[in-house]
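The residues making up each chain are set out below.
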Amino acid sequence: MHAQIVLYDGFDPFDVIAPFEVLAAGSDCVGGELEVTLVSAEGVRTVVSGTRGLTLAATDQLDPAKPGAIIVPGASGPTVGDPDEGVETIPVLLARAAQTDLAVLLAKGFDNPELIMAGVCGGSLVMAMAGLIEGRHAVTHHLGLDVLDATGVRAVAARVVDDGNLVTAGGVTSGLDLALHLLDRWYGPRVTHAVEVLFEYERRGIVWRATGREPLEV
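Scoring rules and cut-offs
Residues numbered from 1 in each chain as written. Predicted model: local features only at pLDDT ≥ 70, side-chain atom pairs only at ≥ 80, totals over all residues. Heavy atoms only, no water. Salt bridge = Lys/Arg side-chain N within 4 Å of Asp/Glu carboxyl O. Buried < 20%, exposed > 50% of the residue type's maximum accessible area, 1.4 Å probe, protein only. Axes fitted to C-alpha atoms, helices over the stretch in contact; angles between N-to-C directions. Helix = DSSP H or I, 4+ residues; strand = E, 2+ residues; numbered from the N terminus. Parallel < 35°, antiparallel > 145°, perpendicular 65-115°, else oblique. Contact = heavy atoms within 4.5 Å. Nonpolar A, V, L, I, M, F, W, Y, C, P; charged D, E, K, R; others polar. UniProt positions renumbered as here; feature names shortened; annotations may be inferred. Core = buried A, V, L, I, M, F, W, Y, C linked by side-chain atoms within 4.5 Å. Phe/Tyr/Trp six-rings, centres within 6.5 Å; stacked < 30°, edge-to-face > 60°. Pairing = 2+ DSSP bridges. Polar contact = N/O pair within 3.5 Å; in protein donor to acceptor, adjacent residues only side chain to side chain. Left-handed = near helix turned anticlockwise from the far one by under 90°. Expected span 1.5 Å × (residues − 1).

**Notes on the pattern of salt bridges**
On inspection of all chains with the given rule, the structure shows 10 salt bridges. Aspartate 60 is the partner of lysine 66 in a salt bridge, and the nearest nitrogen-oxygen pair spans 3.9 Å. On the accessibility criterion, aspartate 60 (34% relative accessible area) is partly exposed. Linking glutamate 88 and arginine 96 is a salt bridge whose minimum nitrogen-to-oxygen distance equals 2.8 Å. For arginine 96, a relative accessible area of 38% gives the class partly exposed. In this structure, a network of salt bridges that share partners links the residues Asp9, Glu42 and Arg45.

Below is the structure:
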């Protein structure tokens, strides 16, 4: 089983590190059978985040043929500014990532029945802007929910949204909840609880799924 966490220029560091730490701890709990790696569409390289020039190293190329999960982070940077004046806002960084070879590899990932495609914060917007999740249920940071709607995605304002082979999470810290949910899907509640205890963190909110009774408006 592989958890491939994607790096691209301008990524948000916490969107990467939070799931990396949780999944690495989960891997320890199952004897190392879950391989957790930082990858990029281009292969081995140093990737500059959108936060104060912080860099992380991709140690392999993203491989959509591997079973497990591909996790796409959001971007970090200003939320307002004029791109014509050289201001690289978060929407600009996300749109740029959606126009690279990353989009091609993510599309192949959706064709792999042994893969969960996951997004933290703006990661779902990368997939949406690449035209990969139209008609699917997903969430992103609350400031981007209208963008999801505009791309034809069925936006849900929840902490984590599980739409089968697509699992997405809201704002930056929700990467913790997404990773714990993935551990729960793969290995069950005891492994997941052990990681919660280790991190002294309990998952927040209900994982939204398109199942069960429709609630009445109140």
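**A word on the packing of helix H6 (residues 174–187) against helix H7 (residues 189–199)**
Across the interface, H6 lies against H7 with an axial gap of 7 Å and an inter-helix angle of 150°. The angle between H6 and H7 falls in the class roughly antiparallel. Where H6 abuts H7, its residues Leu180, Leu183, Asp184 and Tyr187 lie against Pro189, Val191, Thr192, Val195 and Glu196. For the contact of H6 with H7, the per-class residue count stands at 6 nonpolar, 1 polar and 2 charged.

**Considering the UniProt feature "domain: DJ-1/PfpI" (unreviewed entry) in the protein**
Sites flagged by UniProt as "domain: DJ-1/PfpI" (unreviewed entry) map to residues 98–184. Helix and strand shares over residues 98–184 are 39% and 20% respectively, and the end C-alpha atoms of the span are 29 Å apart.

**Side note on the nonpolar core**
By size, the foremost hydrophobic cluster in this structure holds 65 residues, and its most contacted members are Tyr8, Leu23, Leu102, Leu106 and Val126. A total of 7 residues in this core trace back to one element, the largest contributor, which is H6. Not counting chain neighbours up to four residues away, the residues in contact with tyrosine 8 comprise Arg45, Val47, Val48, Val72, Pro73, Gly74, Ala75, Leu93, Leu94, Ala97, Leu102 and Val126.

**Examining the packing of aromatic side chains**
Aromatic ring pairs are reported here in terms of the distance separating the ring centres and the angle at which the planes meet. Enumeration according to the criterion identifies 1 aromatic pair in this entry. Between the aromatic rings of tryptophan 186 and tyrosine 187, the centroid separation amounts to 6.3 Å while the plane-to-plane angle is 70°, which identifies the pairing as edge-to-face.

**Some remarks on the sheet that holds strand S5 (residues 60–61)**
The 8 strands are arranged S5-S2-S1-S6-S7-S11-S10-S12 in an open sheet whose pairing can be described as mixed. Across the chains shown, the open sheet's two edge strands, defined by having one partner strand only, are S5 and strand S12 (207–208). Relative to S12, strand S10 (residues 160–162) runs parallel, the two sharing 2 bridges. Of the residues in S12, the one forming a bridge with valine 160 is valine 207.

**Comments concerning the side chain of histidine 137**
With respect to the element layout, histidine 137 can be found in strand S8 (residues 137–138). Residue histidine 137 is classed as buried on the basis of its relative accessible area of 12%. A distance of 3.5 Å separates a polar atom in the side chain of histidine 137 from a polar atom in the side chain of arginine 154. Setting aside anything within four residues of it in sequence, one finds histidine 137 in contact with Arg154, Val156, Val161, Asp163, Leu166, Trp208 and Ala210.

**A short note on the packing of helix H1 (residues 13–29) against H6**
With their axes 7 Å apart at the nearest point, H1 and H6 run at an angle of 30° to one another. Considering their axes alone, H1 and H6 lie roughly parallel with respect to each other. Crossing hand, H1 versus H6: right-handed. Along the contact surface, H1 presents Ala18, Pro19, Val22, Leu23 and Gly26, while H6 presents Gly175, Leu176, Ala179, Leu180, Leu183 and Trp186. Residues of the contact of H1 with H6, tallied by class, amount to 9 nonpolar, 2 polar and no charged.

**Brief notes about H6**
A rise of 1.5 Å per residue sets the reference length of H6, with its 14 residues, at 20 Å; its end C-alpha atoms lie 20 Å apart and thus fit the reference within 8%. Burial within H6 is extensive, with 11 of its 14 residues counted as buried. Those residues of H6 that sit buried are Ser174, Gly175, Leu176, Asp177, Leu178, Ala179, Leu180, His181, Leu182, Leu183 and Trp186. Looking one or two places after H6, you find glycine 188, whose phi comes out positive at around 95°.

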